[in-house]
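Structure at a glance
Given next are the chains, with one letter for each unit.
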Amino acid sequence: MSEIIQVSDIRDEQARLENVISDLIAEARSQGASAAEAGVNLSAGYSVTARLGEVETIEHDRDGGLGVSVYFGHSKGSASTSDLSPEAIRDTVTAACNIARFTSKDKCAGLADADLMATEMPDLDLYHPWRLDIDEAIGQAIECEAAARDFDSRVINSEGASISTHRGVTLYGNSHGFLGGYAGTRHSVSCSVIAQQGDSMERDYWYSANRVPEKLESMTDIGRKAAERSVNRLQPRKLSTRQAPVIFQADIATSLLRSFIGAIRGAAIYRESSFLLDAMGKPVFPDWAHIHENPRLPREAGSAAFDNEGVATRAQDFIRDGVLQRWVLDSYAARKLGLQTTGNAGGVRNLRIDASTGHELAGLLEMMDSGLLITELMGQGVNPVTGDYSRGAAGYWVEHGEIQYPVCEITVAGNLRDMFMNLGAVGCDIDRRGGTQTGSWLVDGMMIAGE
Amino acid sequence: MDTQVLDIARSTLLEPVGLAREHLNRLIDGVLGSQVDFADAYFESARSESWSLEDGIVREGNYNIDQGCGIRAISGEKTGFAYTDDIHLENLLEAAHSARAIASLGQDRQIRVGDGTPNTPLYAPSNPLVSLDAGQKIDLLKRADAAARGADPRVTQVNVNLVAAYDVVLVVNSEGQLSADVRPLVRMSVSVIVEQNGRREQGYAGGGARTTLDYFIDESRAEQYAREAVRQALVNLEAVDAPAGAMPVVLGPGWPGVLLHEAVGHGLEGDFNRKGTSVFAGRLGEQVASKLCTVVDDGTLPGRRGSLSVDDEGTPSEHTVLIENGILKGYMQDKMNAGLMGQASTGNGRRESYAHLPMPRMTNTYMLAGECKPEEIIASLEKGLYAVNFGGGQVDITSGKFVFSLNEAYLIENGKVGAPVKGATLIGNGPEVMTRVSMVGDDLALDSGIGVCGKEGQSVPVGVGQPTLKVDEITVGGTAA
């Protein structure tokens, strides 16, 4: 029915894009900039969705983007474009230079220091294309959805199963002479189905994602998990308002870890917009907690040898023995705070919290005895300035370490500072799908609002 | 009738790359060559500029250029899609070839693309990026900064953002229609931190419209946003813990209409109802809200952030009644879902950009005014919450559960507004909560123009609105027992 859209090995594009960056920096210098930096991303791939046993959509993607920042002394201007033609590049540089004439002189603005640039580029083994043509992808998506629909007679409808596969290159260069780039792949399979029993209709999903196609969960497992999750939610009850311990299941506990990182980001600190403003060197988590990043792990989702400013990435601790070790800094935030960049322009990479126990989820439920297992959170509801936390939730009520019944239409509330300190355990049931990975969190003393 | 929009779209999108009508014919015929039911090509040129001020200095400015063409082919319930960010005939034909691979049905026919039907625009086709010069834009940022800092000595941090966007679109389809739109959009926001006795709180305010940047100079809007952000932050300094549990809640006018967007809006989008995945599926003609509730989606309000002269499929936007006196009257539709359901598009086919597929989306969604005075609604509450400002929300359209977060709310005791409470999430079930609307005010207001709606990874600007209204019971997610 269809062939793969011709994406010749995208790594061939890397050499061409290196020239684009060099040209761009030269153009910026010729327009009078004292320094310049540029990043380019190019990705190509496709996604297919099958629904009710038939193909529903086929989408071909080819995205390119280029961003440039120029500095005239301490004034900065930026511009970006999806058009990588020489003419567009020149216009983009001109637009950035025009802006730099009007931004303020800011002594903290500028490239990261030259001596911090990454010098060695280890091969992190991030490029693993999926040799799967579109017809095969459709067949596999149909198989995945069928596994979900056949799982239980209460699965009555479907939002479909999707397969997406993308290859990309990322490059960054600046007028220090730094120029680096790497190619990577990203593949995912997801399935979402609807279960019904009586008046109760519930939807849930499951997905698998990896850089390496062979490491994806099987189509059948993904489909069955999506179905099981939907069916298990049927005929939920509400809870009365109460205080209770809760477990954040591993896949949603990642959001708590990201809230922590958000609170120690340099910009949140110099803008005095964080509930952890005064926490440096102090206990933020229980004394067993260890939170760290390891940006150079081979094959991992968040891996990179240099950050978005060309600074060498490195393994580092954010929490050791429960105590806050460092902020998450790029060079701008670092200068604002009188510190050195931590190589985190663009964020943290492969963030982890170590498990505190050898228990999987079942063991954590026993540790909790009675309480709430949260499997879904809804809404924003996190105030980064005060740490106040209040989000919609769904999950299961647990007694004597056993799941009793599904619950919905409740909220969980507290303050992140207390929630971090009251972290009772982190399980070893680690969700390994993304750049942020953790096991489930047992947190004592949350307020649950319901009926 | 106004042909200026069509002229701008042709001269921006087609002429620079030498595309003429015969090329469009060839493109649409090329897609239809393999027999699809429907095909369209969406050309877009987007320019945007943003400026930000923090710590008293204009730190960042960014200029963005994005353009391309997305080509879609539909056969029954199947859609093929490809796009290119390099608008040249060869690339377009290649994208068309990829998109049409979906097709296996349909009839052969020959298509002639028309000259284009001019529509009466709801906004002037002016480019907001050039509506002020750079110096004036910076002055605007600094005025907001000064207004915030001047409003109260407890203000310690001020961030100001200014965004102007200019989007030119042209869409041709296999029905021979050619439509165009030129869409200005501006937005300004101010966020502040205040500090008192070691306690820090934030406040945020802003607005926007489909117009030029003068909008923020008019009526001193920049300064108004700044003062409003400070006012909210100072209220938060006094806030006590929010209550936890089910209770009556009075929602203020305007932005709290995000309630409707989540509780009923998404659930009434055509795609979810065609597929039967929405809690509202198959319920046309049924009572889904109290008789006091009439809810519309209206893309025809001049200059509003959510408004569109034509949607992203070239259909003029409409005033669509979703719920009338509590009865479910209609869904929001794009062409594909309307066609499959035997209905007509309501002009709600929207997409984030040429690189995304269109789907049914809201424009400006609001509830019509009722007859109660806001004061009498508040006075009717013995004990509960008065919620006047919200952050964002989210909905599970299958179970109907939705949340939205309080940013500014007060306790009500014995019919009187009392102490402010901290932010908290409200959670309810859409149809249940709408049935519990027991009083509707006469003070309908729309939001100030800052809404962004996300669906399946695509963001589009939207508006919301409502009068003051009372919900007899909804769960409030505070921490105070």
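Keep in mind that this is a model prediction, so the values were computed, not measured. (Residues numbered from 1 in each chain as written. Chains lettered and ligands numbered in written order. Predicted model: local features only at pLDDT ≥ 70, side-chain atom pairs only at ≥ 80, totals over all residues. Heavy atoms only, no water.)

What follows is about the pairing of strand β5 (residues 179–197) of chain A. Residues and elements named next belong to chain A. Pairing geometry for strand β4 (residues 155–174) and β5, over 17 bridges, is antiparallel. Its bridge partner lying in β5, histidine 166 is registered against arginine 186. Alignment of β5 against strand β6 (residues 200–210), held across 11 bridges, turns out to be antiparallel. Looking at the pairing, serine 190 lines up with tyrosine 207 of β6. (Pairing = 2+ DSSP bridges. Helix = DSSP H or I, 4+ residues; strand = E, 2+ residues; numbered from the N terminus.)

On to the side chain of lysine 76 of chain A, then. Within the secondary structure layout, lysine 76 of chain A lies in strand β3 (residues 75–81). Lysine 76 of chain A gets classed as buried once you look at its relative accessible area, which sits at 15%. Polar contacts involving the side chain of lysine 76 of chain A include one to the side chain of glutamate 60 of chain B, which spans 3.4 Å. Discounting chain neighbours no more than four positions away, the residues touching lysine 76 of chain A are Ser69, Val70, Tyr71, Ile99, Ala100 and Thr103 of chain A together with Arg59 and Glu60 of chain B. (Buried < 20%, exposed > 50% of the residue type's maximum accessible area, 1.4 Å probe, protein only. Polar contact = N/O pair within 3.5 Å; in protein donor to acceptor, adjacent residues only side chain to side chain. Contact = heavy atoms within 4.5 Å.)

Contacts between the two partners involve 75 residues from chain B and, on the opposite side, 71 residues from chain A. A per-residue breakdown of the area chain B buries against chain A is headed by Arg59, Tyr83 and Arg200 of chain B, which together make up 10% of the total. Counting across the chain B and chain A interface gives 9 salt bridges. With its nearest N and O atoms 2.9 Å apart, the salt bridge here joins aspartate 55 of chain B to lysine 336 of chain A. Element by element, the count of residues in the side of chain B that touches chain A is highest for strand β2 (residues 57–75) of chain B, at 11 residues. For the side of chain B that touches chain A, the class distribution of residues is 28 nonpolar, 30 polar and 17 charged. Of the strand pairs in this sheet, strand β2 (residues 54–72) of chain A and strand β3 (residues 78–84) of chain B are connected by 3 bridges, and their pairing is parallel. Along β3 of chain B, the bridge assignment pairs threonine 57 of chain A with threonine 79 of chain B. (Buried area = accessible area lost by both parts, 1.4 Å probe. Salt bridge = Lys/Arg side-chain N within 4 Å of Asp/Glu carboxyl O. Nonpolar A, V, L, I, M, F, W, Y, C, P; charged D, E, K, R; others polar.)

Per-residue confidence for chain B gives a mean pLDDT of 94; residues scoring 70 or more make up 97%. With pTM at 0.95, the complex prediction returns an ipTM value of 0.94. (pLDDT = per-residue confidence, 0-100.)

What follows deals with the packing of helix α4 (residues 134–151) of chain B against helix α6 (residues 221–237) of chain B. The description of two packed helices rests on the angle between their axes and on the distance between the axes. All names here are of chain B. At a minimum axis distance of 8 Å, the contact between α4 and α6 shows a crossing angle of 35°. As for how α4 packs across α6, the hand of that crossing is right-handed. Counting all contacts with α4, which are made through Leu140, Arg143, Ala144, Ala147, Ala148 and Ala151, the residues of α6 involved are Ala222, Glu223, Ala226, Arg227 and Val230. (Axes fitted to C-alpha atoms, helices over the stretch in contact; angles between N-to-C directions. Left-handed = near helix turned anticlockwise from the far one by under 90°.)

On to helix α8 (residues 361–368) of chain A. Residue and element names in this part refer to chain A. Among all positions of α8, only Gly363, Leu364, Leu365 and Met368 are buried. Elements in contact with the buried residues of α8: β7 (242–248), β12 (371–378), β13 (388–399), β14 (402–415), β15 (423–426) and β17 (441–449). Aspartate 369 occupies a position one or two residues after α8 and carries a positive phi of about 70°.

As a further point, take the domain arrangement of chain A. All names here are of chain A. Here chain A is partitioned into domain 1 (8–231) and domain 2 (236–451). Its C-alpha centre places domain 1 at a distance of 25 Å from the equivalent point of domain 2. At the junction of the two partners, domain 1 supplies 36 residues and domain 2 supplies 29 residues. Carbon and sulfur atoms supply 52% of the area buried between domain 1 and domain 2, which totals about 2600 Å² over both sides. A per-residue breakdown of the area domain 1 buries against domain 2 is headed by Cys108, Leu116 and Leu124, which together make up 22% of the total. The interface formed by domain 1 and domain 2 contains 4 salt bridges. The closest approach of N and O atoms between glutamate 120 and arginine 296, which form a salt bridge, is 3.1 Å. (Domains from an automatic or database assignment.)

Moving on to the packing of helix α3 (residues 134–149) of chain A against helix α4 (residues 219–232) of chain A. All names here are of chain A. At a minimum axis separation of 7 Å, α3 and α4 run at an interaxial angle of 40°. Viewed along their axes, α3 and α4 adopt a mutual orientation that is oblique. Like other packed secondary-structure pairs, α3 and α4 cross with a definite hand, here right-handed. Here Gln140, Glu143, Cys144, Ala147 and Ala148 of α3 lie close against α4, whose contacting residues are Met219, Thr220, Ile222, Gly223, Arg224 and Ala227. (Parallel < 35°, antiparallel > 145°, perpendicular 65-115°, else oblique.)

Bringing the pattern of salt bridges into the picture now. Counted under the stated rule, the structure contains 52 salt bridges over all chains. Salt-bridge contacts for glutamate 408 of chain B lead to arginine 231 of chain B; the nearest nitrogen and oxygen are separated by 2.9 Å. Linking glutamate 408 of chain B in strand β15 (residues 401–413) with arginine 231 of chain B in helix α6, this pair joins segments that are 177 residues apart in sequence. With relative accessibility at 3%, the residue glutamate 408 of chain B sits in the buried group. Where salt bridges share partners, they join Glu202, Asp204, Arg229, Arg233, Asp251 and Glu376 of chain A together with Asp396 of chain B into one cluster.

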